[in-house]
Amino acid sequence: MTTTLRPSGPLQQSDGGARSRPYEIRVNSRRVGALTIAADTPFGPTVGEIRDLAVDEPDRRRGRATVAALAAEEVLRGWGCRRVRVSTPADSAGGQRLAETLGYVEYGRNMVKELPTEPPAAREGVTGRPMTPAEYEEWEALARASYAALWVERGMSPQAAAAKSEADHAADLPRGPAGPGVWLSVLEADGATVGTLWVARRDGGAYVFDVEVVEEHRGRGHGRDLMLLAERVALADGQRTLGLHVFTDNAPARRLYESLGYRATRFNLAKDLI
């Protein structure tokens, strides 16, 4: 029996090169699953994605997903893609095995924490307060630049990174600090500003969009102070979960989040198409 992909919808394409198309996974003429192939990531049209790959239960563990993923990679090569990304749920051992077998490497993960009933206490001499309008103007310029630089470090062109930073900040901070469900805070230790925090409502909970310790105050535990402040902010809004994303190569941040009780919910992986 032969496993193949068959388009199940029209090709969606933009003038900028973005494309996406849904496919059925078929064994001969029988449908056994589905996936979507796309080349519309922030990295531009040469970076593709395989999304929502799922094989029906009776046909699992027979290599259908492996063949489908390899066929999807061939489609992306035909579209001119040189790199492909996938995302697997943390509780999908099969999805993770498949990705690793096909040579995908984790570059980041989404994490979440179920918050305690009582807010965590702050260390003595450490306090959090809302960001002032003047502080917001300075913070926003730096946040946009550092966010773009972060993506450049991970392979995005400077032009695409700047555009992504502009678009993401416009989408997530459309009204600045005055937006509903947005909290921008400053952390102080013994009267000195030592860090900043951006928390907002997202996906039925709270989400840490940005956490930054002032460079000269790093290595003193203020990253933990900021994350505990994020918990207090979320709890004050009645939220029960706090989510975030961390890049895999940021080992200190990952260890901090794990020590605070965060668990992975999704693994984001990628590989180069040869």
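Further up the page is the structure itself.
Structural notes, computed from the coordinates. (Residues numbered from 1 in each chain as written. Predicted model: local features only at pLDDT ≥ 70, side-chain atom pairs only at ≥ 80, totals over all residues. Heavy atoms only, no water.)

A few points about the overall build of the chain
- What the chain contains, in helices and strands, is six helices and 13 strands.
- The C-alpha extent of the chain, read off along each of the three principal axes, is 70 × 40 × 30 Å.
- Taken across its 274 residues, the chain has 43% of its residues classed as buried.
- Pairs at least 24 residues apart make up 62% of the contacts formed inside the chain by residues separated by at least 6 positions.
- In the form shown here, the chain has an accessible surface area of approximately 14300 Å², with 51% of it arising from carbon and sulfur atoms.
- Of the side chains in the chain, 36 bear a positive and 37 a negative charge, and the two mean positions are spaced by 8 Å. (Helix = DSSP H or I, 4+ residues; strand = E, 2+ residues; numbered from the N terminus. Buried < 20%, exposed > 50% of the residue type's maximum accessible area, 1.4 Å probe, protein only. Contact = heavy atoms within 4.5 Å. Areas by Shrake-Rupley, 256 points an atom, 1.4 Å probe, with all protein chains shown as cover. Lys, Arg positive; Asp, Glu negative; His and termini not counted. Charge placed at Lys NZ, Arg CZ, Asp CG, Glu CD.)

Focus on the pairing of strand E7 (residues 105-114)
- Relative to strand E13 (residues 263-272), E7 is paired through seven bridges, and the arrangement is antiparallel. Bridging across to E13, Arg109 finds its partner in Phe267. (Pairing = 2+ DSSP bridges.)

A closer look at helix H5 (residues 222-236)
- Given a rise of 1.5 Å per residue, 15 residues ought to cover 21 Å, and the 21 Å separating the end C-alpha atoms of H5 matches this to within 8%.
- With twelve of 15 residues buried, H5 is to be regarded as a mostly interior element.
- Every buried residue belonging to H5 is among His222, Asp225, Leu226, Met227, Leu228, Leu229, Ala230, Glu231, Arg232, Val233, Ala234 and Leu235, and all of these are buried.
- Looking one or two residues beyond H5, the residue adopting positive phi is Gly238, at roughly 85°. (Expected span 1.5 Å × (residues − 1).)

Quick notes on the packing of aromatic side chains
- Under the criterion given, the structure shown has seven aromatic pairs.
- Here the aromatic rings of Tyr147 and Trp151 are separated by 6.4 Å at their centres, their planes lie at 85°, and the arrangement is edge-to-face. You can see Tyr147 and its partner Trp151 sitting in helix H3 (residues 133-153), four residues apart, about one turn around the helix.
- Look at Tyr147 and you get partly exposed, because its relative accessible area is 24%.
- By relative accessible area, Trp151 is classed as buried at 11%.
- Within the aromatic cluster, the residues linked to one another by ring pairs are Tyr136, Trp139, Trp198, Tyr207 and Phe209.
- Sitting over the face of the ring of Tyr207, Arg202 holds its NZ or CZ atom 4.4 Å from the ring centroid. (Phe/Tyr/Trp six-rings, centres within 6.5 Å; stacked < 30°, edge-to-face > 60°. Lys NZ or Arg CZ within 6 Å of the ring centre and 35° of its normal.)

Quick word on unusual backbone geometry
- Residue Asp52 is not a glycine yet carries a positive backbone phi of 55°.
- Note on placement: Asp52 falls in strand E5 (residues 47-55).
- Asp52 gets classed as exposed once you look at its relative accessible area, which sits at 66%.
- Backbone geometry places Asp203, a non-glycine residue, at a positive phi of 55°.
- With respect to the helices and strands, Asp203 occurs in the loop between strand E10 (192-202) and strand E11 (205-213).

Quick look at the pattern of salt bridges
- Tallied over the full model, the rule gives 25 salt bridges.
- The partner of Lys113 in a salt bridge is Glu231, with the nearest N and O atoms 2.6 Å apart. Taken together, the positions of Lys113 in strand E7 and Glu231 in helix H5 put the pair 118 residues apart, joining distant regions of the chain. In this pair, the class of Lys113 matches that of Glu231, namely buried.
- A salt bridge links Glu212 to Arg218; the nearest nitrogen and oxygen atoms lie 2.6 Å apart.
- What emerges from the salt-bridge pattern is a single network uniting Glu24, Arg26, Arg31 and Asp56. (Salt bridge = Lys/Arg side-chain N within 4 Å of Asp/Glu carboxyl O.)

None of the figures reported here should be taken as evidence of function without further support.
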